[in-house]
Amino acid sequence: MQMVWMVSCFATVMNDVMTGLMISLAFTLISVVLREQWPKMYWLAQATDQETYKPKERYSSLKSFDDNVKVLRFESALHFANVTSFLDTVNELMHSEDDEHSELSSIKQVTTESMDQSNGSEYKQLPLKEISSSVDDETTERSVKVEIANRILIVDCGAVSYIDTMGLDAFKEIYSEGLKHGVDVYFADVSESIIDILENVEFFVTVPKTVFFPTVHQAAVFANKTLE
């Protein structure tokens, strides 16, 4: 807003009043379009009262979530002009998490194979019952070592005042992509007007209503219980 005022003042001083007004109007329209096309998005963290969530890069006193829980706040209406930016951010998170978990799985697999080789070098013949029990124990231990916890993405929609058909498709896409990548996607603080739109277009036939929460805090509490 300050930039708009400065441009208007400078244009008026350098030209006449009408020209200055036209320049300021054009600059305002351009700035609005740019803000809508590239909205701000923040990764949230938890305040000390445990019910307030703010951008973690803005406040050093915030408590970060578990590594498997991410909270993304989208600071704009979701429509055709900015849906690509929204999807890119979410997809980048999912694929980066996939890479990290793939590396973790590879390390655990190598560790398991090393254990197998070590056990093989000290092989001694065992009775059949002991062999069966040993195999079961090793299989159980191996499955525990390689198992990876679920991941959860909470989308804070508190600032999303409007959504168009492309925005609806984006919600469906990130939910379905989450299923493919092992990420549970929750939507929090969605306005009642948008909920009405979702019901009118039968959105909940594709995406269950159980992944929608009234507040970010309730979604975070549910996510923590899910990971326990």
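Numbers given to residues run from 1 along each chain, matching the order in which its sequence is written. With the structure being a predicted model, the display of local features is reserved for residues of pLDDT at least 70 and the display and counting of side-chain atom pairs for 80 or more, all residues being used for whole-chain, interface and lining totals. Side-chain calculation: all heavy atoms of the structure are included, whereas hydrogens and water are not.

### Brief notes about the pattern of salt bridges
No. 1: Here, a salt bridge means any side-chain nitrogen of Lys or Arg that lies within 4 Å of a carboxyl oxygen of Asp or Glu. Tallied over the entire structure, the rule returns four salt bridges.
No. 2: Residue Asp-156 is joined to Arg-73 by a salt bridge in which the shortest nitrogen-to-oxygen separation is 2.6 Å. In this pair, Asp-156 is assigned in strand β4 (residues 151-156) and Arg-73 in strand β3 (residues 69-74), connecting sequence segments 83 residues apart.
No. 3: Type-normalised accessible area, obtained with a 1.4 Å probe on protein chains alone, sets the label of each residue: buried when under 20%, exposed when over 50%, and partly exposed for intermediate values. For Asp-156, a relative accessible area of 3% translates into the label buried. In this description a helix means any DSSP run of H or I spanning at least four residues, a strand means any run of E spanning at least two, and both kinds are numbered starting from the N terminus.

### Side note on the confidence of the model for the protein chain
No. 1: You can read pLDDT as the predictor saying how much it trusts each residue, on a scale of 0 to 100. Of all residues in the protein chain, 69% attain a pLDDT of 70 or more, and the chain-wide mean is 78.
No. 2: Mean pLDDT values for the elements of the protein chain range from 43 in helix α4 (residues 128-146) up to 97 in strand β6 (residues 212-213).
No. 3: Working rule for contacts: check all heavy atoms of both residues, and any pair within 4.5 Å makes them a contact. pLDDT under 50 marks residues 120-124. Its contacts with residues more than four places away, or in other chains, come to zero contacts.
No. 4: Note on residues 138-149: pLDDT is under 50 here. Beyond four places in sequence and across chains, it has 13 contacts.

### What to know about helix α6 (residues 192-200)
No. 1: All buried positions along α6 are accounted for by Ile-194, Ile-195 and Leu-198. Within α6, the buried residues cover an arc of 105° as seen down the axis, which keeps them to one side. In this structure, α6 carries Glu-192 and Asn-200 as exposed residues pointing more than 90 degrees from its buried face.
No. 2: The inward-facing, buried residues of α6 contact α5 (165-181) and β6.
No. 3: Remark: Glu-202 follows α6 within two positions and exhibits a positive phi of approximately 55°. Of all possible arcs, the one meant is that of the directions from the helix axis to the C-beta atoms.

### Let's talk about the sheet that holds β4
No. 1: The pairing criterion for strands is at least two bridges between them, as found by DSSP. Taking strand neighbours across the sheet as the criterion, the six strands line up as β2-β1-β3-β4-β5-β6 in an open arrangement whose pairing is mixed. At either end of the open sheet lies a strand with only one pairing partner, and these are β2 (53-55) and β6.
No. 2: Direction of pairing for strand β1 (residues 41-46) relative to β3: antiparallel, over a ladder of three bridges. Each bridged residue has a counterpart across the sheet, and for Tyr-42 the counterpart in β3 is Arg-73.

### Considering the packing of aromatic side chains
No. 1: Only Phe, Tyr and Trp rings take part, Trp by its six-membered ring, and two of them pair if their centres are within 6.5 Å. Stacked means planes under 30 degrees apart, edge-to-face means over 60, and tilted covers everything else. The final tally for this structure, using the stated rule, is 11 aromatic pairs.
No. 2: On the basis of an interplanar angle of 40° and a centroid distance of 4.6 Å, the ring pair of Phe-171 and Phe-187 is categorised as tilted. One end of the pair, Phe-171, is in helix α5; the other, Phe-187, is in strand β5 (residues 183-188), and 16 residues separate them in sequence.
No. 3: The exposure class of Phe-187 is buried, given its relative accessible area of 0%.
No. 4: Ring geometry for Phe-187 versus Phe-212: centroids 4.9 Å apart, planes at 25°, classification stacked. Placement of Phe-187 in strand β5 and of Phe-212 in strand β6 is noted, with a sequence separation of 25 residues between them. Here Phe-187 and Phe-212 have matching classes, each one buried.
No. 5: One aromatic cluster in this structure is built from Phe-74, Phe-86, Phe-171, Phe-187, Phe-203, Phe-204 and Phe-212.
No. 6: To sit over a ring, a charge needs its Lys NZ or Arg CZ within 6 Å of the ring centre and within 35 degrees of the ring normal. Positioned over the ring face of Phe-204 is Lys-209, at 5.2 Å from the centre of the ring.

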